[in-house]
Amino acid sequence: MNKSDSERIAGILSHFDYVETDNEKEADLLIINTCSIRQLSADKAYSHLGVWGKWKKTRPELKIGICGCVAQQDKNKIRQRAPYVDLIFGTHNIYELPSLIKRVENDEKVCAITNKPVVCDQNDFEIKRKNSVNAWIPIIEGCNNFCTYCVVPFTRGRERSRKLEEIVTEAKKIVSEGFKEITLLGQNVDSYGKDLNDGKTTLANLLRALNKIEGEFRIRFVTSYPSDITDDLIDAVEECDKVCKYFHIPMQSGNSHILEEMNRHYTKSQYYEIVSKIRNRFPDVAITSDFIAGFPGETEEEFQDTLNAIDELELDYSNTAAYSPRVFTKAGKMVDKFLSEEVKYERLDRLNEKNREVCLKSNEKFVGRTLNVLVESKTEKDGKIILNSRADNNKIVHFEDETKDVGDFLDVKITRAQTWCLYGEPVK
């Protein structure tokens, strides 16, 4: 979502004669778009600001901005830590940027943080998409679930869906520009349309509408909330030939008591039922997840349930992290239950090792099989052209070929598996 926001910010700035540069030190305007899902992300953002602040001492005309979730939650702290910052704007203020930039160019210090989105016609601005193959489309922003560890409802706000027709129009433009894969984005993508209350706007129906667009391209969607995956959504994935057979479904913990403490609205057994239902429908589906190690009060036995769940569910890959206390959240106030950093990171090490095991096991199942892939990039190694591609089920596949190019679809027979990727050869 942040990368998609950055593409929109770059598009807005292009209307004011700003051109992107690869050399930060040559820039007239520096903006860092931030994430606050974990403390490490916020620390990196402040580190960048510190470096830029030193540059500004010798180049006082340099304009510095910060936006995104750290800006949304830390607006007062930013002024204290980095008084040289010229522009602070939140997640709701991206489309206010034209007026904000004019004020900054007039040497005004600007802070624009609101709790409600600034509304405008998004078609008024182009989007500077970074990738020539994959394009992101935000379809819903915010979250209503208030998981006790998560800051998203406080930085992104409550769920807000875009109109289906508006999304289809953007998708048609993307396809006409030659993009081969569209990823629908949402902090809780399965909730798409609920806030519109029309009974027709759902993720399933959006997939059906996008599938009707002419052209050769694929559709993905992330991130799914387990209990919001409906039978109709699974039906739509099966019906639509352009929709990838891939689900990213964060579980966060394999223990029902911890899930309750996290305010996740499902139990361990309910998650198992959802995964079983999907696997029974799509034999080659890839299901990935997210897990937190060391949630406040988590016992060793409860953590073992997470390791066991990853095995039992035969997950293809998981994003992992040690618990990071976030401001505003309920878990962030459970100070008396906090685990030591040593315990959290020791568990994270074991979680990562389990992740490596199941990833390799998952990849090995495809050796000898043929997968349809989309070439995303190519590199040269030892005088050979190596194509880097992605299969329908999100598996990364590398192979050698001098006849194919970025954006091509083709079948590749898998010859070798490693932990994070597959290797193969084109089917002649």
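Above: the structure in question.
Anyway, here's the lowdown on the structure attached to this text.

1. Quick word on the overall build of the chain
Counting its secondary structure elements, the chain contains 13 helices and 16 strands. Taking 22 Å as the expected radius of gyration for a compact globule of 428 residues, we find that the chain reaches 23 Å, a close match to that expectation. In terms of principal-axis extent, the alpha carbons of the chain reach across some 60 × 60 × 55 Å. Across the 428 residues in the chain, those meeting the buried criterion constitute 52%. Taking the contacts inside the chain whose residues are at least 6 apart along the sequence as the reference set, 71% of them involve residues at least 24 apart. Counting only carbon and sulfur atoms, one obtains 48% of the accessible surface of the chain, whose full area is about 20,200 Å².

2. Considerations on the pattern of salt bridges
Where charged atoms from two side chains of opposite charge come close, those side chains can pair. Summed over all chains, the structure comprises 39 salt bridges. The salt bridge involving Arg103 is made with Glu108; its shortest N-O contact spans 2.8 Å. The exposure class of Arg103 is partly exposed, given its relative accessible area of 33%. Of the residues examined, Glu108 reaches a relative accessible area of 33% and is grouped as partly exposed. Across the salt bridge formed by Arg220 and Glu181, the nearest N and O atoms sit 3.1 Å from each other. Of the two residues, Arg220 is situated in strand S8 (residues 218–222) and Glu181 in strand S7 (residues 181–186); the sequence distance between them amounts to 39 residues. Glu181 carries the same exposure label as Arg220, and that label is buried. Salt bridges sharing partners connect three or more residues here, namely Glu7, Arg8, Arg129, Arg162, Glu166 and Glu170.

3. What about the packing of aromatic side chains?
Counted according to the given criterion, the structure contains nine aromatic pairs. Joined through ring pairs, the aromatic side chains of Phe146, Phe154 and Phe328 make up one cluster. Directly above the ring of Tyr46 sits Arg81, whose terminal nitrogen or CZ lies 3.8 Å from the centroid. One cation-aromatic arrangement involves Arg416 over Tyr423; the distance from NZ or CZ to the ring centre is 4.0 Å.

4. Some remarks on the state of the cysteines
Within the structure shown, the criterion is met by zero disulfides. Counting only cysteine sulfurs, Cys150 is the nearest neighbor of Cys147, a cysteine outside any disulfide, at a range of 6.0 Å. The thiol of Cys359 is unpaired, and the distance to the nearest cysteine sulfur, on Cys421, comes to 11 Å.

5. Quick look at the sheet that holds strand S3 (residues 87–89)
Each strand in a sheet pairs with its neighbour through backbone hydrogen bonds, running either in the same direction (parallel) or in the opposite one (antiparallel). Ordered by their spatial adjacency, four strands build an open sheet running S1-S2-S3-S4, and the pairing between neighbours is parallel. Among the strands making up the open sheet, the edge pair consists of strand S1 (29–34) and strand S4 (110–112). This sheet shows a mean twist of 10° between the axes of neighbouring strands, independent of strand direction. This element, helix H2 (residues 39–58), spans S1 and strand S2 (63–68) of the sheet and lies at about 170° to S1. Packing of helix H5 (residues 97–105) onto the sheet brings it into contact with S1, S2, S3 and S4, and relative to S3 it is tilted by some 160°.

6. Observations concerning the side chain of Glu181
On the accessibility criterion, Glu181 (3% relative accessible area) is buried. Within the structure, Glu181 has its side chain in polar contact with the side chain of Asn134 (distance 3.1 Å).

7. What about unusual backbone geometry?
Negative phi characterises most residues that are not glycine, and trans characterises most peptide bonds. In this chain, Val222 is followed by Thr223 through a cis amide linkage whose omega measures 0°. Along the chain, Thr223 turns up in the loop between S8 and helix H9 (231–239). For Phe146, which is not glycine, the phi torsion reads 50° and is therefore positive. Along the chain, Phe146 turns up in the loop between strand S5 (134–141) and helix H6 (152–155).

8. Considerations on the nonpolar core
In this structure, Ile139, Leu184, Leu207, Phe221 and Ile278 are the most contacted members of the largest nonpolar core, which totals 68 residues. Top element by residues in this core is helix H7 (residues 164–176). It accounts for six residues. Once you skip the residues sitting within four places of it in the chain, Leu207 turns out to touch Leu184, Ile219, Phe221, Leu233, Ala236, Val237, Cys240 and Val243.

The rules behind these values
- Residues numbered from 1 in each chain as written.
- Predicted model: local features only at pLDDT ≥ 70, side-chain atom pairs only at ≥ 80, totals over all residues.
- Heavy atoms only, no water.
- Helix = DSSP H or I, 4+ residues; strand = E, 2+ residues; numbered from the N terminus.
- Rg over C-alpha atoms; globule rule 2.2 N^0.38 Å.
- Buried < 20%, exposed > 50% of the residue type's maximum accessible area, 1.4 Å probe, protein only.
- Contact = heavy atoms within 4.5 Å.
- Areas by Shrake-Rupley, 256 points an atom, 1.4 Å probe, with all protein chains shown as cover.
- Salt bridge = Lys/Arg side-chain N within 4 Å of Asp/Glu carboxyl O.
- Phe/Tyr/Trp six-rings, centres within 6.5 Å; stacked < 30°, edge-to-face > 60°.
- Lys NZ or Arg CZ within 6 Å of the ring centre and 35° of its normal.
- Disulfide = S-S within 2.5 Å.
- Pairing = 2+ DSSP bridges.
- Axes fitted to C-alpha atoms, helices over the stretch in contact; angles between N-to-C directions.
- Polar contact = N/O pair within 3.5 Å; in protein donor to acceptor, adjacent residues only side chain to side chain.
- Core = buried A, V, L, I, M, F, W, Y, C linked by side-chain atoms within 4.5 Å.

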